[in-house]
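Structural characterization, general
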Amino acid sequence: MKNIIEIDRLSKSFGDVKAVKDLSFRVREGELFAFLGVNGAGKSTTINIMCGQLSKDGGTVTIDGNDTEKNAGAVKRGLGVVFQNSVLDSALSVYDNLVSRAALYGITGAAAKARIGELAALLGFGDFIKRPVGKLSGGQRRRIDIARALIHKPKILVLDEPTTGLDPQTRKTLWSVIANLRKTENMTVFLTTHYMEEAAEADYIVILDSGKIAAEGTPLELKNAYTEDYITLYGASEDDTRALGVKYELMRDAVKLSVPNTAKATELIVANPALFRDYEITKGKMDDVFLAVTGKKLGGDEK
């Protein structure tokens, strides 16, 4: 599997503030890549450099074999971007917004009409396609933001906190569409998000802190490295639990044990079969990983 995004020793400063410091990472073609960090960590700066909206101070950014400075046009044709804030024209209808966007990529006339029809079916906005964007709900507007980004069938979809503030049903719909595009078109998705359950579905994660990579790996690798495993044990007394010699927390109808890893959980269970008659083993969550790595919650608060 080839690398579709290659960033080497990227740096960018704003005055005395070093927003990105010697940043290097790879994104493989077709994967869901999560780029995490609190506000101010350098995520948006990196994305803006990738999209050609911001110049860099040093390093190289190569997207699908094209240098972002030497071949900016080719890079932009390969990217579709859903920004944190909608960039649609509120006065225009959904259809006119998408027609004007398609024209920028040379998609006009019958071809534009056909592509917008495909996206309307995919994202479910046919019922309000003639409505002014300013009259749409937040969830409806987000569907059009994504349609705008997909109009030219990009190889890479950049999602900058795409589901913030959306209702669960709309979030589910959008992720279903994105999963389908990854499967059918091998589209690469570059995601920033504050929802850790979305990041947990990624193929690979980079956690950024103060412009530098603080940790990276698959969700499983990160959980194994930075969190504990938990055993929820049912039907056990506190005395029996205490005798196990591990950290525990009493719950309403169970006891939650904390163990360093799955091997330790297995060891406990094998050694105490009479006690472990009804139990569940779960790994730590990505929220725990992020807090352990950065000392911050993803909302940006210090621990």
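Residues numbered from 1 in each chain as written. Predicted model: local features only at pLDDT ≥ 70, side-chain atom pairs only at ≥ 80, totals over all residues. Heavy atoms only, no water.

Remarks on the overall build of the chain
- Counting its secondary structure elements, the chain contains 11 helices and 14 strands.
- Judged by the C-alpha coordinates and their principal axes, the chain covers about 75 × 45 × 35 Å.
- When each of the 303 residues of the chain is scored for burial, the buried share is 46%.
- Here the analysis covers contacts within the chain between residues at least 6 apart in sequence; of these, 68% occur between residues at least 24 apart.
- With the model as given, the accessible surface of the chain reaches about 14,900 Å², and the carbon-plus-sulfur share is 47%. (Helix = DSSP H or I, 4+ residues; strand = E, 2+ residues; numbered from the N terminus. Buried < 20%, exposed > 50% of the residue type's maximum accessible area, 1.4 Å probe, protein only. Contact = heavy atoms within 4.5 Å. Areas by Shrake-Rupley, 256 points an atom, 1.4 Å probe, with all protein chains shown as cover.)

A word on the sheet that holds strand S12 (residues 247–250)
- Spatially, the four strands line up as an open sheet ordered S12-S13-S11-S14, and their pairing is antiparallel. In this open sheet, the two edge strands, each paired with only one partner strand, are S12 and strand S14 (279–283). Direction aside, the axes of adjacent strands within the sheet are offset by 20° on average.
- Where strand S11 (residues 229–234) meets strand S13 (residues 254–259), six bridges bridge the pair, whose relative direction is antiparallel. Along S13, the bridge assignment pairs Asp-229 with Val-259. (Pairing = 2+ DSSP bridges. Axes fitted to C-alpha atoms, helices over the stretch in contact; angles between N-to-C directions.)

Let's talk about the packing of aromatic side chains
- Counted according to the given criterion, the structure contains nine aromatic pairs.
- Judged by centre distance (5.3 Å) and plane angle (40°), the rings of Phe-25 and Phe-35 are tilted. Here Phe-25 is found in strand S2 (residues 17–28), whereas its partner Phe-35 is found in strand S3 (residues 32–36), with 10 residues between them in sequence.
- Assessed through its relative accessible area of 3%, Phe-25 is described here as buried.
- With a centroid separation of 5.8 Å and an interplanar angle of 85°, the aromatic rings of Phe-276 and Tyr-279 are classed as edge-to-face.
- Look at Phe-276 and you get buried, because its relative accessible area is 5%.
- Given a relative accessible area of 33%, Tyr-279 falls into the partly exposed group. (Phe/Tyr/Trp six-rings, centres within 6.5 Å; stacked < 30°, edge-to-face > 60°.)

What to know about empty space enclosed by the protein
- Applying the stated rule across the entire model yields one cavity of 30 Å³ or more.
- Its volume calculated, the largest cavity comes out at about 40 Å³.
- Around the largest cavity sit Val-81, Val-82, Phe-83, Asn-85, Ser-86, Val-87, Arg-142, Asp-145 and Arg-148, which together line it.
- Counting residues per element, the ones that place at least two in the lining of the largest cavity are strand S6 (79–82) and helix H5 (138–150).
- The greatest single-element share of the lining of the largest cavity, amounting to three residues, is contributed by H5.
- Taken together, the residues of the lining of the largest cavity break down into four nonpolar, two polar and three charged. (1 Å grid on protein atoms, 1.4 Å probe; cavity = no way out; pocket = protein on both sides within 12 Å on 5 of 7 lines; lining within 4 Å. Points joined across faces, edges and corners; volume = space filled by probe spheres on them. Nonpolar A, V, L, I, M, F, W, Y, C, P; charged D, E, K, R; others polar.)

Overview of the pairing of S13
- Counting buried positions along S13 yields five of six residues, so the element is predominantly enclosed.
- Where S12 and S13 come together, four bridges link them in antiparallel fashion. What sits directly across from Lys-247, in S13, is Ser-258.
- Adjacent in sequence and paired antiparallel, S12 and S13 are bridged by three residues.

With respect to unusual backbone geometry
- Although it is not a glycine, Arg-9 sits at a positive phi angle of roughly 50°.
- Inspection of the secondary structure puts Arg-9 in strand S1 (residues 3–14).
- In this structure Arg-9 comes out as exposed when scored by relative accessible area, which is 57%.
- Phi is positive for Glu-161, which is not a glycine, with a value near 50°.
- With respect to the helices and strands, the residue Glu-161 is situated in the loop between strand S7 (156–160) and helix H6 (168–185).

Observations regarding the layout of surface pockets
- Put simply, the largest pocket is a space of about 260 Å³.
- The wall of the largest pocket is formed by Cys-51, Gln-53, Lys-76, Leu-79, Gly-80, Val-81, Phe-83, Val-87, Arg-101, Leu-104, Tyr-105 and Arg-148.
- Counting residues per element, the lining of the largest pocket draws most heavily on S6, at three residues.
- For the lining of the largest pocket, the class distribution of residues is seven nonpolar, two polar and three charged.

Thoughts on the packing of helix H4 (residues 109–123) against H5
- Where H4 meets H5, the axes come as close as 10 Å, and the angle between the chain directions of the two elements is 140°. By the criterion of interaxial angle, the relationship of H4 to H5 is oblique. Between H4 and H5 lies a crossing of right-handed hand. Where H4 abuts H5, its residues Arg-115, Leu-119 and Leu-123 lie against Arg-143, Ile-146, Ala-147 and Leu-150. (Parallel < 35°, antiparallel > 145°, perpendicular 65-115°, else oblique. Left-handed = near helix turned anticlockwise from the far one by under 90°.)

Here we look at helix H11 (residues 286–294)
- Among all positions of H11, only Met-286, Val-289, Phe-290, Val-293 and Thr-294 are buried. Each buried residue of H11 sits inside an arc of 100° when the element is viewed along its axis, so together they form one side.
- As for H11, its buried residues are in contact with S3, helix H7 (196–199), strand S9 (204–209), strand S10 (212–217) and helix H8 (219–226).
- Two residues or fewer after H11 comes Gly-295, characterised by a positive phi angle close to 75°. (Arc of directions from axis to C-beta.)

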